Structures are given as structure tokens and as C-alpha cells.
Amino acid sequence: SVGAVSLDPAAVEPLLHLPRLTIRGFGDTGFRTTFESRGEDTALFIGLIDILWLSQLSEKVSFLAESDWHYHEGAPNAPGPQFSHFHLERAQIKYALSDPLNITAGLMHTPLGFWNKTFHHGSWFQTTISRPDMLEFEEPDSSRRGLMPPHTTGVAVFGTVPFESFDVEYDAGVFNGRHRTSEFVLTTTDINDFKAGL
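Residues numbered from 1 in each chain as written. Predicted model: local features only at pLDDT ≥ 70, side-chain atom pairs only at ≥ 80, totals over all residues. Heavy atoms only, no water.

S.K.: Outline the overall build of the protein chain, listing residues and values.
M.R.: Within the protein chain one finds two helices and eight strands. Of all 198 residues assigned to the protein chain, the portion counted as buried reaches 27%. Residue pairs in contact within the protein chain that sit at least 24 positions apart in sequence constitute 42% of those at least 6 positions apart. With an accessible surface of roughly 13,500 Å², the protein chain has 61% of that area assigned to carbon and sulfur atoms. (Helix = DSSP H or I, 4+ residues; strand = E, 2+ residues; numbered from the N terminus. Buried < 20%, exposed > 50% of the residue type's maximum accessible area, 1.4 Å probe, protein only. Contact = heavy atoms within 4.5 Å. Areas by Shrake-Rupley, 256 points an atom, 1.4 Å probe, with all protein chains shown as cover.)

What follows is the structure, given as C-alpha cells:
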């Protein structure tokens with residue numbers, strides 16, 4: 001026979017405060033066509049699959065990681081979408097002292113302008129059909145690359161200082177130096193002793 005298990009609330013209470021991992025994901029699909037004959041067929045296509053890993057480690061410390069999978073068309077002898085590559089887009093730990101003072105360290109989006117900090121991966125975040133050309137992601141197998149680096153590794157300090165009629169937001173940081181080509185993302189190493197500052 002199966003009996004009911006009674007848990008002591010005093011024994012359960014400490015478990016409620018342990019860090020928990022939250023996993024969220026999204027993906028997208030789209031439709032493309034052309035009004036000119038360029039050898040491209042009208043088609044539906046699969047976008048990226050994006051997974052967010054979130055954990056509140058303490059009242060002021062949190063961890064965020066973002067990974068995505070890209071797909072490409074299969075070879076003629078293996079039709080259908082094939083697994084292309086996995087990207088670790090972000091892996092950062094944040095210490096939130098207050099609204100005016102936050103510190104983040106790890107692999108993150110560069111704090112260059114409003115777009116790159118607000119609209120990450122996935123078309124449903126965006127207010128336009130595609131990302132601006134200047135902020136295209138680093139894709140080694142794509143001819144589309146942005147002028148501004150969307151990812152970096154380092155330490156950033158940011159926050160919002162409220163005033164009566166307006167708020168002031170700021171970002172500052174020290175990051176790994178950039179490579180000569182825009183598709184190269186520096187994660188665990190740097191190409192020289194120079195660092196990028198913002």
C-alpha cells in the first residue's frame with residue numbers, strides 16, 4: 001500500500017531558498033520570396049533555436065547563459081534541415097547592488113547603443129524584420145557581418161540614475177581586444193595585451 005508522506009515545513013523551508021535553474025527557449029520560422037528572378041525559390045525556412053539558462057544565485061547575484069543552434073539546408077543526398085552549429089552567445093554573472101550600480105563579468109553583448117543591449121537573438125525580440133546591417137552577428141559562414149562587435153568578453157559596470165524628469169543610463173567596461181576580422185569572437189583569450197575600453 002502507498003501512504004501519504006507528510007513533510008515538516010521547518011525541513012522544507014531551507015530548500016525554498018536554494019538557487020534554481022530556469023530554462024526558457026524560443027525559435028522562429030519565416031517566409032521568403034523575391035519579385036525578381038535570382039535563382040531563389042519562394043520558401044518557408046527555419047530560424048535559430050535559442051535557449052536561455054537563468055539562475056538567481058542569491059538576492060543580488062544572478063547567472064545568465066544563452067545558447068543557440070543554427071540550421072542549414074541538407075546536402076542533395078541528405079535533404080531536409082541539418083544541424084549546423086552551436087553558439088554560446090552569453091555566459092555572464094551579474095552582481096546587482098542597486099539600480100545605479102550593477103557589475104557583469106563574462107561573455108556578453110557589447111553595450112554599444114540601445115539596439116544591441118535590448119534586442120538579442122530571435123526575431124520576435126526585434127521591432128524590424130531583421131537586424132540593422134551595422135549590428136549583424138559574427139557568422140563565419142555568412143557574408144553578412146556587422147561593423148560593430150555585438151559580443152565581447154570582459155567586465156562591465158552599468159546602471160540607471162533616476163532624476164525627477166528623466167533617467168540617465170550609463171555603461172563602462174574593460175573587454176578583450178578585438179580581432180582584425182569581425183567574425184572572430186574572443187571568449188577565453190586575447191590576441192595581445194591590449195584591452196578594449198568603453
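S.K.: Lay out the pairing of strand S6 (residues 151–162) in plain terms, naming residues and giving numbers.
M.R.: Where strand S5 (residues 101–109) and S6 come together, eight bridges link them in antiparallel fashion. Looking at S6, one finds that Ala105 is bridged to Val155. The sheet contact formed by S6 and strand S7 (residues 167–176) spans nine bridges and is antiparallel. Note on S7: the bridge partner recorded for Phe158 is Asp171. The hairpin formed by S6 and S7 contains four residues between the paired strands. (Pairing = 2+ DSSP bridges.)

S.K.: So, the pattern of salt bridges: which residues are in play, and what are the values?
M.R.: Going through the model one piece at a time under the given rule, you end up with one salt bridge. Across the pair Glu66 and Arg90 runs a salt bridge whose closest N-O atoms are separated by 2.8 Å. On the criterion of sequence distance, the pair formed by Glu66 in strand S3 (residues 61–73) and Arg90 in strand S4 (residues 81–98) is long-range, its members being 24 residues apart. Comparing Glu66 with Arg90 shows no difference in burial state: the two are buried. (Salt bridge = Lys/Arg side-chain N within 4 Å of Asp/Glu carboxyl O.)

S.K.: Residues and numbers for the environment of His70, please.
M.R.: Along the chain, His70 falls in strand S3. Placed 22 residues apart in sequence, His70 and Leu48 show a C-alpha to C-alpha distance of 4.9 Å.

S.K.: Please set out the environment of Ala43 residue by residue, giving values where relevant.
M.R.: Its location among the elements puts Ala43 in strand S2 (residues 43–56). Distance in space between the C-alpha atoms of Ala43 and Phe31 is 5.8 Å, their sequence separation being 12 residues. Contacts of Ala43, omitting those with residues within four sequence positions, involve Gly30, Phe31 and Arg32.

S.K.: Before we move on, could you go through the side chain of Glu89 and cite the residues and values that matter?
M.R.: Mapped onto the fold, Glu89 is located in strand S4. Buried Glu89, no salt bridge; nearest opposite-charge side chain is Arg90, N-O distance 7.5 Å. Looking at Glu89, its side chain comes within polar contact range of the side chain of His151, at 2.8 Å. Sequence-distant contacts of Glu89, that is, excluding residues within four places in its chain, are made with Glu66, Ser67, Asp68, Leu107, His121 and His151. (Lys, Arg positive; Asp, Glu negative; His and termini not counted. Polar contact = N/O pair within 3.5 Å; in protein donor to acceptor, adjacent residues only side chain to side chain.)

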